[in-house]
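Report on the structure
Spelled out, the chains give:
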Amino acid sequence: MSISSFRRKRSDTSVASIEKKYSINLNARSDMLLGNLLEQRGFDSLTQLLEAYRGHLTYHPRKRRIFLSHHIEDQPQVKGFRLMAKNPNLELDFRDRSLDEVINSQNKSYIKQELRQRLRRATILVCLIGNATAWRDWVEWEIETAYELKMGVCGVHLKGSHGRPPPKLKGAPIAAWNVKDIVAVIECAAARRS
C-alpha cells in the first residue's frame, strides 16, 4: 500500500470510527471525515489530534486565534500573558482586542453584540482565572457564548491566583501558569471544540 493511498484512506475515515476506536468524543458529526475534521480544527494528523485531545501536545501545529476572557482587575497579568505571542516557538494570535479597544458603553445589548463579534474572530477562548474571575457575569457570558459559537474553551490560572474557575468552565481543560501547560490546554481545547 502506498503512502498516498494510506493517507487517503485515513482522511476518508469517519469521525464515528475514530471515536469508537479511541473511546473519545470529538464533538463532531459522526459522518464527518477525518480529513475535514483535521482541517477544521487545525491539525496535520490524527496523531496530533489525539495527543491534543488528551492534553499532551506541547506545541501549536497551526496558529491559534485566541480570545482572552478575564476580570478587568487582572489587566497587568493579562498584558504579561499576551506577551507570549512574541515567543517565536508559540503560534498565538490574540483576537479579543481587550487591551486595545475598550467597549465604551453601558448598553448591555451593544456590549454583547461587540463581544460576540470579537469572539467570532477567534477559535479558542482562554479564560484567565484570577482571584475574583469566577464571580464575573461578563466572563460567564463570554464562556457560554464561546460554547454556542462552537469554539474551544480552556482556562489558565494566573500566577499567584487562588481563585476558583468560573462554573461555566466545568469540564474544560485548565492549566497552571507555565508555558508548556498553557500550550497543552489550548491545543486540547482546539481538539475538543464542537
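Details of the structure are given in the entry above.
Presented here is a report on the structure given in the accompanying data block. On a predicted model such as this, the values are computed, not experimentally measured, just so you know. Starting afresh in each chain, residues are numbered from 1 along the sequence in its written order. Selection of residues for local features in this predicted model requires a pLDDT of at least 70, selection of side-chain atom pairs for listing and counting requires 80 or more, and totals for whole chains, interfaces and linings are taken over all residues. To obtain the side-chain values, all non-hydrogen atoms of the structure were included, while hydrogens and water were left out.

1. Points about the environment of Asp12
Here is the rule: Only DSSP runs of H or I with at least four residues qualify as helices, and only runs of E with at least two residues qualify as strands; both kinds are numbered from the N terminus onward. Under the scheme applied here, a residue whose accessible area is under 20% of the maximum for its type counts as buried, over 50% as exposed, and between as partly exposed, the area being computed with a 1.4 Å probe on protein chains only.
If you trace the backbone, Asp12 turns up in the loop between helix H1 (3-11) and helix H2 (15-22). Among the residues examined, Asp12 registers a relative accessible area of 46% and is labelled partly exposed. In the structure, Asp12 is positioned 144 residues away from Val156 in sequence and 35 Å away in space, judged by C-alpha atoms.

2. Some remarks on the packing of helix H6 (residues 108-120) against helix H7 (residues 137-148)
In plain terms, the rule: Inter-axis angles, ranging from 0 to 180 degrees, are taken between N-to-C directions of lines fitted to C-alpha atoms, where helices are fitted over the stretch in contact. Oblique is the label for any angle not covered by the other classes, which are roughly parallel (under 35 degrees), roughly antiparallel (over 145) and roughly perpendicular (65 to 115). It is the rotation of the near helix from the far one that decides the hand of a crossing: anticlockwise by less than a right angle makes it left-handed, clockwise makes it right-handed. Should any heavy atoms of two residues lie within 4.5 Å, those residues are considered in contact. Three classes are used, and their members are as follows: Ala, Val, Leu, Ile, Met, Phe, Trp, Tyr, Cys and Pro are nonpolar, Asp, Glu, Lys and Arg are charged, and the others, Gly among them, are polar.
Put simply, H6 and H7 touch, their axes get as near as 11 Å, and they point 50° apart. Looking at the two axes, H6 sits oblique to H7. In this structure, the crossing between H6 and H7 has a hand that is right-handed. On the side of H6, the interface is formed by Lys108, Ile111, Lys112, Leu115, Arg116 and Leu119, while H7 contributes Trp138, Trp141, Glu142, Thr145, Ala146 and Glu148. Grouping the amino acids of the contact of H6 with H7 by side-chain chemistry returns 6 nonpolar, 1 polar and 5 charged.

3. Considerations on the nonpolar core
Counted only if it meets this: Buried residues of nine kinds, namely Ala, Val, Leu, Ile, Met, Phe, Trp, Tyr and Cys, make up a nonpolar core once their side-chain atoms join them within 4.5 Å.
Residues Phe81 and Val126 are the most contacted members of the largest nonpolar core, which totals 37 residues. The element that contributes the greatest number of residues to this core is helix H8 (residues 179-192), accounting for 7 residues. With sequence-adjacent residues up to four places away left out, Phe81 is seen in contact with Leu68, Phe94, Val126, Leu128, Val156, Trp177 and Ile182. Within the second largest apolar cluster, 16 residues are counted, among which are Ile111, Val139, Ile143 and Leu169.

4. What to know about the packing of aromatic side chains
We count it as follows: Any two rings among Phe, Tyr and Trp, with Trp reduced to its six-membered ring, count as a pair given centres within 6.5 Å; such a pair is stacked if its planes are under 30 degrees apart, edge-to-face if over 60, and tilted if neither.
Summed over all chains, the structure comprises 3 aromatic pairs. Look at Phe81 and Phe94: their rings are 6.1 Å apart centre to centre, the planes differ by 70°, and that puts the pair in the edge-to-face class. With Phe81 in helix H5 (residues 75-82) and Phe94 in strand S2 (residues 92-94), this pair connects stretches of sequence that are 13 residues apart. A relative accessible area of 1% means that Phe81 is categorised as buried.

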